[in-house]
Amino acid sequence: MSAPMPTRGRFITFEGIDGAGKSTHIGFVTGLLQDAGKNVVSTREPGGTPLGEKLRTLLLHEKMDVGTEALLAFASRREHLAQVIGPALGRGDWVLSDRFTDASFAYQGGGRGLPLPKLEALEQWVHPGLQPDLTLLFDVPLEVARERLDATRTLDKFESEEAAFFERCRNEYLRRAQESGGRIVVVDSTRSIEEVRAQLKAALEKFL
Ligand SMILES: Nc1ncnc2c1ncn2[C@@H]1O[C@H](COP(=O)(O)OP(=O)(O)OP(=O)(O)O)[C@@H](O)[C@H]1O
Ligand SMILES: Cc1cn([C@H]2C[C@H](O)[C@@H](COP(=O)(O)O)O2)c(=O)[nH]c1=O
């Protein structure tokens, strides 16, 4: 008799404009899930594979046409799904990804104005039938994100964009959250780290 198939793992993504605070909380969520006995794979986009990390360097540092930007983001995603996300979910692991396709809609769609049907076509091609089980959207006003970024790092191509760009990205994230049927949970990331953790715990409760 063959061994029983593992049940598919869960796929949780972290989103928000640059500086919103999502990366700070991935370790906390990893700990919550591990304490509940889950095997966690933590990864990021663009990136997550050796090829994806090369594409990330291009995306974050080279000027390019918005269509090229979208295609590179989805190329990195395709490799990520083939090499990391798909196999991990197949083993029954829980995958936490710092950004996924919602970021393409927010940045290339909202921020840069690429028509959304083009992104929907890429989404259909690259991951038909797969959506995150839960997306945690870290939401803050632009000024808060900017202050947090300025305090911590040298800015890359996206982080150097003007305020109006981030306003459009944020609005597109919030629009998608409203239309997501509960998949995207908006986290008020202006609150203290302890208060943000409490919101994350509440969002994860039904999965544990
Ligand atoms: N709730 C919070 N209160 C105060 N500071 C915070 C909070 N969350 C994160 N920070 C701080 O804000 C800065 C940016 O956080 P973080 O790197 O997690 O943002 P991010 O959303 O992942 O940004 P990026 O997408 O550009 O990587 C860090 O210095 C972090 O310590
Ligand atoms: C997946 C994805 C990302 N981006 C942008 C968004 C951010 O500015 C960077 C990634 O930086 P982070 O510090 O790791 O958050 O890339 C994008 O424009 N399109 C995408 O699909």
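Residues numbered from 1 in each chain as written. Chains lettered and ligands numbered in written order. Predicted model: local features only at pLDDT ≥ 70, side-chain atom pairs only at ≥ 80, totals over all residues. Heavy atoms only, no water.

The name given to the protein chain in an unreviewed UniProt entry is Thymidylate kinase, with the source organism recorded as Massilia norwichensis. UniProt, in its Catalytic activity (unreviewed entry) section for the protein chain, records the words "dTMP + ATP = dTDP + ADP". The protein chain has a UniProt comment under Function (unreviewed entry) that states "Phosphorylation of dTMP to form dTDP in both de novo and salvage pathways of dTTP synthesis." (UniProt positions renumbered as here; feature names shortened; annotations may be inferred.)

What follows is about the site of ligand 1. Close contacts around ligand 1 come from 20 residues, with Gly 21, Lys 22, Ser 23, Thr 24 and Arg 191 the closest. In this structure, Gly 21 approaches ligand 1 through a main-chain N or O atom, which is 2.8 Å from an oxygen atom. One nitrogen or oxygen atom from the side chain of Ser 23 is found 2.4 Å from an oxygen atom belonging to ligand 1. Burial of ligand 1 by the surrounding chains reaches 76%, relative to a free accessible area of 640 Å². Going through the elements one at a time, helix H1 (22-35), helix H6 (142-152) and helix H8 (193-204) are the ones with two or more residues in the shell around ligand 1. Per-element tally for the shell around ligand 1: the top contributor is H1, with four residues. The residue makeup of the shell around ligand 1, split by class, is five nonpolar, eight polar and seven charged. (Near = heavy atom within 4 Å. Polar contact = N/O pair within 3.5 Å; in protein donor to acceptor, adjacent residues only side chain to side chain. Areas by Shrake-Rupley, 256 points an atom, 1.4 Å probe, with all protein chains shown as cover. Helix = DSSP H or I, 4+ residues; strand = E, 2+ residues; numbered from the N terminus. Nonpolar A, V, L, I, M, F, W, Y, C, P; charged D, E, K, R; others polar.)

As a matter of local geometry, ligand 2 sits amid 14 residues, with Asp 18, Arg 56, Arg 99, Ser 104 and Gln 108 nearest to it. At 2.9 Å from an oxygen atom of ligand 2 is found a side-chain nitrogen or oxygen belonging to Arg 56. In this structure, an oxygen atom belonging to ligand 2 sits 2.6 Å away from a side-chain N or O atom of Arg 99. Here ligand 2, which alone exposes 480 Å², has 95% of that area covered by the protein. When contributions to the shell around ligand 2 are tallied by element, the ones reaching two or more residues are helix H2 (50-61), helix H3 (66-91) and helix H4 (101-111). Counting residues per element, the shell around ligand 2 draws most heavily on H4, which supplies four residues. In the shell around ligand 2, the residues fall into six nonpolar, two polar and six charged.

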